[in-house]
Protein chains: 2
Amino acid sequence: MRDFSRSLPMSLLRAREAVMRQFRPKLREHGLTEQQWRILRALASIEAAEVTELARTAFLLGPSLSRMLRDLEARNLIERKTAKADQRRSMVSISKEGVKLMAAVAPSSEAIYAEITQRFGARNLAALQEMLGQLEVCLASADASDEIADGA
Amino acid sequence: MRDFSRSLPMSLLRAREAVMRQFRPKLREHGLTEQQWRILRALASIEAAEVTELARTAFLLGPSLSRMLRDLEARNLIERKTAKADQRRSMVSISKEGVKLMAAVAPSSEAIYAEITQRFGARNLAALQEMLGQLEVCLASADASDEIADGA
DNA sequence: CGCATTCACTTAACATGTTAAGTAATATCC
DNA sequence: GGATATTACTTAACATGTTAAGTGAATGCG
């Protein structure tokens, strides 16, 4: 069997960990986990979003997101109100405090990203992301055909 | 701020998830999680390994590995014995049952990997892994200089 | 209308990620 | 040789990943 430490999943895992290791200490200073930061960033760019939509954007599963929203709401970093038209849906938005926290963290975060870009090379970075995107597309089509085969 | 869904961490996360989504169902059929499978695969290629060494190979943190080894030992998939020379160290090895389970799963796993390789292209795959490796190297040197700055 | 189905979200349960603290054995240093 | 530090590993505590089940609201359809 292939040397598993050279397998694609392990390569991706190690690469991502190497990247996130750069960010985590700064986020931690502000009492944020990587995932909480993802939620705030996703919310920052829009007025309000439904939970399901937010889950897709922040790439989180519903149950994880549900817990985190509860906690973030308790910390007054986000706000929720149920939609008028459909009481099942709840609209989530970032609070003033949330915006303030983002403003405090964003400069460091940007600086770290810039440092990574500089080290790896902007061109390399773009090429890498292009390949990652293509990989996703390949495998998404694999999933789709599976679903058809399963009659889903 | 950059559109965070196009950031490197998110690209890596989505790509890895797209890959692992292909494997998880088959592992699940055999009652294995992704991480348990990593442990077995890491052990399969060597006689025995210390826990710390295994953690490095399977890219798991000590506490996670400690729990998983307890469970895998209870399922008789691995074996442990403390080293004679140094009673702190415990040597971990895969059991006969573990080998049997691996033999049962490996063909499907290989087939899935081959399918991914074919879809994405062997050349693209090699190029991607090369880039991921370089990214790791870049950032590892960043960590190293941080440690020096911190006096570590 | 009534009722089964679907939908949006939450809760539950268990496994792992992550950091800190604990434990026992070994190494170091005087 | 004995106090101290370090090492290898485990436990603890809390956050998230993951699947299944639960809940209440909207939809579809007779």
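Note: the structure precedes this text.
In this text the structure is predicted, and so the values were computed from the model without any measurement.

**Some points on the protein's contact with DNA strand D**
So, step 1. Around DNA strand D, the structure places 26 residues, and the nearest of them are Ser-64 and Arg-67 of chain A together with Thr-52, Arg-80 and Arg-88 of chain B.
So, step 2. When atoms of DNA strand D within 4 Å of the protein are split into backbone and base, the sugar-phosphate part holds 64%.
So, step 3. Here Thr-52 of chain B contributes a side-chain N or O atom positioned 2.2 Å from a phosphate oxygen of DNA strand D.
So, step 4. Of all the secondary-structure elements, those providing two or more residues to the surface near DNA strand D are α2 (34–44) and α4 (62–74) of chain A together with α1 (8–29), α3 (51–58) and α4 (62–74) of chain B.

**Examining the sheet that holds strand β1 (residues 49–50) of chain B**
Residues and elements named next belong to chain B.
So, step 1. Reading across from one edge, β1-β3-β2 is the order of the three strands in this open sheet, with antiparallel pairing throughout. The two strands at the open ends of the sheet, each matched to only one other strand, are β1 and β2 (78–82).
So, step 2. Set on the sheet, helix α2 (residues 34–44) makes contact with β2 and β3 (90–94); between it and β3 the angle comes to about 95°.

**So, the interface of chain B and chain A**
So, step 1. Facing the 53 residues of chain B at the interface are 53 residues of chain A.
So, step 2. Both sides of the chain B and chain A interface together cover about 5,400 Å² of buried area, and 71% of this is carbon and sulfur.
So, step 3. Here chain B and chain A share two salt bridges between them.
So, step 4. At the boundary of chain B and chain A, one finds ten residue pairs in polar contact (both at pLDDT 80 or more).
So, step 5. When residues of the side of chain B that touches chain A are traced back to their parent elements, those giving at least two are α1, α2, α3, α5 (96–120) and α6 (122–150) of chain B.

**Thoughts on the packing of α2 of chain A against α4 of chain A**
Residues and elements named next belong to chain A.
So, step 1. In contact at an axis separation of 11 Å, α2 and α4 are set at 80° when each is read in the N-to-C sense. The angle between α2 and α4 falls in the class roughly perpendicular. Every residue of α4 that contacts α2 at Gln-35, Gln-36 and Ile-39 is listed here: Leu-65, Met-68, Leu-69 and Leu-72.
So, step 2. Of the residues belonging to the contact of α2 with α4, the class tally is five nonpolar, two polar and no charged.

**Some thoughts on the relation of the copies chain B and chain A**
So, step 1. Between chain B and chain A, the superposition needs a rotation of 180° and an axial shift of 0.0 Å, giving an RMSD of 0.0 Å. Considering both components of the superposition, the chain copies are consistent with a two-fold axis.
So, step 2. Interface residue correspondence from chain B to chain A reaches 100%, placing this contact among same-surface, isologous pairings.

**Things to note about the pattern of salt bridges**
So, step 1. In total, this model carries 28 salt bridges over all chains according to the counting rule given.
So, step 2. The partner of Glu-34 of chain A in a salt bridge is Arg-24 of chain A, and the shortest N-O contact between them spans 3.1 Å. Taken as a pair, Glu-34 of chain A in helix α2 and Arg-24 of chain A in helix α1 (residues 8–29) lie far apart in primary sequence, ten residues in all.
So, step 3. With a relative accessible area of 11%, Glu-34 of chain A lands in the buried category.
So, step 4. Of the residues examined, Arg-24 of chain A reaches a relative accessible area of 32% and is grouped as partly exposed.
So, step 5. The closest approach of N and O atoms between Glu-50 of chain B and Arg-89 of chain B, which form a salt bridge, is 2.9 Å. A residue pair is termed long-range when its members are at least 10 positions apart, and Glu-50 of chain B in strand β1 and Arg-89 of chain B in the loop between β2 and β3 qualify at 39 residues.
So, step 6. Looking at Arg-89 of chain B, the relative accessible area reads 36%, which means it is partly exposed.
So, step 7. The network of salt bridges with common partners includes Arg-16, Glu-17, Arg-21, Arg-24, Glu-34 and Arg-38 of chain A.

Conventions adopted
Residues numbered from 1 in each chain as written. Chains lettered and ligands numbered in written order. Predicted model: local features only at pLDDT ≥ 70, side-chain atom pairs only at ≥ 80, totals over all residues. Heavy atoms only, no water. Near = heavy atom within 4 Å. Polar contact = N/O pair within 3.5 Å; in protein donor to acceptor, adjacent residues only side chain to side chain. Helix = DSSP H or I, 4+ residues; strand = E, 2+ residues; numbered from the N terminus. Pairing = 2+ DSSP bridges. Contact = heavy atoms within 4.5 Å. Axes fitted to C-alpha atoms, helices over the stretch in contact; angles between N-to-C directions. Buried area = accessible area lost by both parts, 1.4 Å probe. Salt bridge = Lys/Arg side-chain N within 4 Å of Asp/Glu carboxyl O. Parallel < 35°, antiparallel > 145°, perpendicular 65-115°, else oblique. Nonpolar A, V, L, I, M, F, W, Y, C, P; charged D, E, K, R; others polar. Least-squares fit on C-alpha atoms with pLDDT ≥ 70 in both. Buried < 20%, exposed > 50% of the residue type's maximum accessible area, 1.4 Å probe, protein only.

Any functional reading would require information that these geometric values do not contain.
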